Amino acid sequence: MAQLQRPLIIQSQFIRLCCPRNARKTLTITPPRHCKLHTSTVTDNDIARLASLPLHPLTLADLVKHGRPPLNTPQLLTSANFTLSILPARLAHRIQSLRNLPFIVVSNPHISKIHSNYIHSLSTLLPWAEREITTLEDEVKFTEVMADLVQTHSNTISVLARGFLEARKYISPKDVTRFLDEHLRARIGTRLIAEQHLALHFSSQPHHDVTHTHDVEEPPSGFIGVIDTKLRPAKIVQHCEAVVSEICELKYGVRPHVVINGEPEYTFAHVPVHLEYIITELLKNAFRATVESGMEREPIEVTIAPLPEEQPGNNVDNGGEAKAIKNVDQGNVDVASRSFTHKDDSSSIASEQIRPLAHSTPGVTIRIRDRGGGISPENYAHIWDYSFTTFNEDQVSATLSGSSSSKSGSGMDALNAISGPGGDGANSLAGLGYGLPLGRAYAEYFGGGIAVQSLWGWGTDVYLSLKGVGKID
Ligand SMILES: Nc1ncnc2c1ncn2[C@@H]1O[C@H](COP(=O)(O)OP(=O)(O)OP(=O)(O)O)[C@@H](O)[C@H]1O
Ligand SMILES: [Mg+2]
């Protein structure tokens, strides 16, 4: 068993990454100094064995089932053991899936970095696998492993984006989209499971004596770990509007304003950071289109519409049936990796688990309407492809100075966007071509969705629907 010299990460940086804004002030813990994580060497056998285990869909209800914090000792241990029972297999599936990419693609230093991150995380989990966490001391150590996991994978998206752009000669855009869609959906779940235990740990009392923490406070009312049971979408929209407006003003010198209507007081239970991510991406797109088409005087309209309860057929697809959470929505079935190895393993698709959502599950549809000219029919076919973007620095300057040029998706622009300040596109209005597909992955993860309706020459309506948690005892 190897020891790993790596500073412990239970500190503000990772808390910022994984905890709801309102809950952050309560999350204080003093980590043991010079702590090392135990690791075990990961063998090919370990990966094959764990990757052969089926993955099951996760619901928000699974994440809140340990009770409201502060959790007592048995509840906290149950949460740790639940987390432990799920994660090793999930990591092994990702490793297997990366290994199934064409060799020249996995050899790219950025993609291979992601592969080694997964091997590292599995090596920190293996010493815990197949045992039960029964003491608070072990729970604290396990929480350190979770902190390391969250931190290790925090900038995966920009690293993968760069890797796939560099390797684009060797893998088709369709295959990249197929791989990323599965991989990033699976990543959403893995992070959420780890973050949920971390947040429950920090907002609970039992480890107080073990960690000598003196200032653990009550969690803000309504939070169960990273889930806010009183999440008000309008508040998130206002917060995202402020962030996106700043970026827009810096880039273009103007900012369109946002009007919120519908039912701004509506609340439901969901993961605020997910909603924040999606709304930020949708507002960035709406702001950019509005300004680039010279319509910044026209407001962007955001309508908050609660989904009617007890009625089937209120999902975004208007398909007439309540949406179920499927394994494919959560990237659990490795369809993409099988496509590279040409192995037909239909048994795992057939055994796909589906969790129906109760009709009474509350939820919301948020419509974001802009007058930014819409999306051309030729581009519309590609908006869900990872890396598809019409963003182009030169073209933006040309548009703003009054001359026109044609729009087209380009790998180089995305590479420039990653290389630019911010590195991951976080501080730019557009450029990676990840906003819509990744936003949809977040929405679909728990049974919601995103639908885009473009009136070419006029504007765009985007419908984001999200389902909350049903009854919470
Ligand atoms: N509201 C909108 N109005 C007009 N075009 C849009 C709108 N939303 C998306 N698009 C088009 O869809 C493309 C893909 O959008 P997406 O958000 O996935 O990527 P991006 O905005 O180019 O880059 P990123 O979001 O990763 O920074 C955009 O480049 C743009 O051409
Ligand atoms: Mg975007």
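Residues numbered from 1 in each chain as written. Chains lettered and ligands numbered in written order. Predicted model: local features only at pLDDT ≥ 70, side-chain atom pairs only at ≥ 80, totals over all residues.

Asker: Hey, could you run me through the site of ligand 1 in this one?
Answerer: The immediate surroundings of ligand 1 are formed by 23 residues, with N285, A289, T389, L432 and G435 found nearest. Listed by contribution, the elements that provide at least two residues to the shell around ligand 1 are α12 (272–292) and α18 (435–445). The leading source of residues in the shell around ligand 1 is α12, at four residues. (Near = placed C-beta within 6 Å. Helix = DSSP H or I, 4+ residues; strand = E, 2+ residues; numbered from the N terminus.)

Asker: Is there a simple way to explain the environment of L149 in this structure?
Answerer: Relative to the helices and strands, L149 resides in helix α7 (residues 136–152). Once the C-alpha coordinates of L149 and T190 are considered, the two residues, 41 residues apart in sequence, prove to be 9.4 Å apart. Contact partners of L149, with chain neighbours within four places excluded, come to S121 and A194. (Contact = placed C-beta atoms within 7 Å.)

Asker: What's the story with unusual backbone geometry in this structure? I'm lost.
Answerer: Glycine aside, a negative phi is what most residues show, and trans is what most peptide bonds show. Cis geometry is adopted by the peptide bond preceding P70, which originates at P69 and carries an omega value of 0°. Relative to the assigned elements, P70 resides in the loop between α3 (60–64) and α4 (73–99). Even without glycine at this site, E130 takes up a positive phi of about 60°. With respect to the secondary-structure elements, E130 resides in the loop between α6 (109–125) and α7. Non-glycine residue S387 carries a positive phi angle of around 80°. Along the chain, S387 falls in the loop between α15 (377–380) and α16 (393–400). Here S387 falls in the buried class, since 23 other C-beta atoms lie within 10 Å of it. (Buried ≥ 20, exposed ≤ 12 C-beta atoms within 10 Å, placed from the backbone.)

Asker: Can you walk me through the confidence of the model for the protein chain in this structure?
Answerer: Should pLDDT be low for a region, the predicted coordinates there are not to be read in detail. Here the protein chain averages 82 in pLDDT, while 73% of its residues score no lower than 70. Scored below 50 in pLDDT, residues 1–34 makes 66 contacts in the model with residues more than four places away or belonging to other chains. (pLDDT = per-residue confidence, 0-100.)

Asker: Got a minute to help me understand the sheet that holds strand β4 (residues 227–231) in this structure?
Answerer: The pairing of strands in a sheet comes from backbone hydrogen bonds and takes either a parallel or an antiparallel form. The strand order β3-β4-β6 describes an open sheet built from three strands, whose pairing is antiparallel. Only two strands of the sheet have a single neighbouring strand rather than two, namely β3 (223–224) and β6 (268–270). Note: β3 against β4, two bridges, orientation antiparallel. Bridge pairing in β4 links F223 to D228. (Pairing = 2+ DSSP bridges.)

Asker: What am I meant to see in the nonpolar core here?
Answerer: General note: in soluble globular proteins, nonpolar side chains tend to be found buried as a group. If you look at the biggest cluster of nonpolar residues, it comprises 101 residues, and the most contacted ones within it are I227 and L464. Residue contributions to this core peak at eleven residues, all from helix α9 (residues 173–202). Each of domain 1 (8–224) and domain 2 (227–315 + 355–467) gives at least three residues to this core. Contacts of I227, omitting those with residues within four sequence positions, involve L60, L63, V64, A269, H270, V271 and V469. (Core = buried A, V, L, I, M, F, W, Y, C linked by C-beta atoms within 7 Å. Domains from an automatic or database assignment.)

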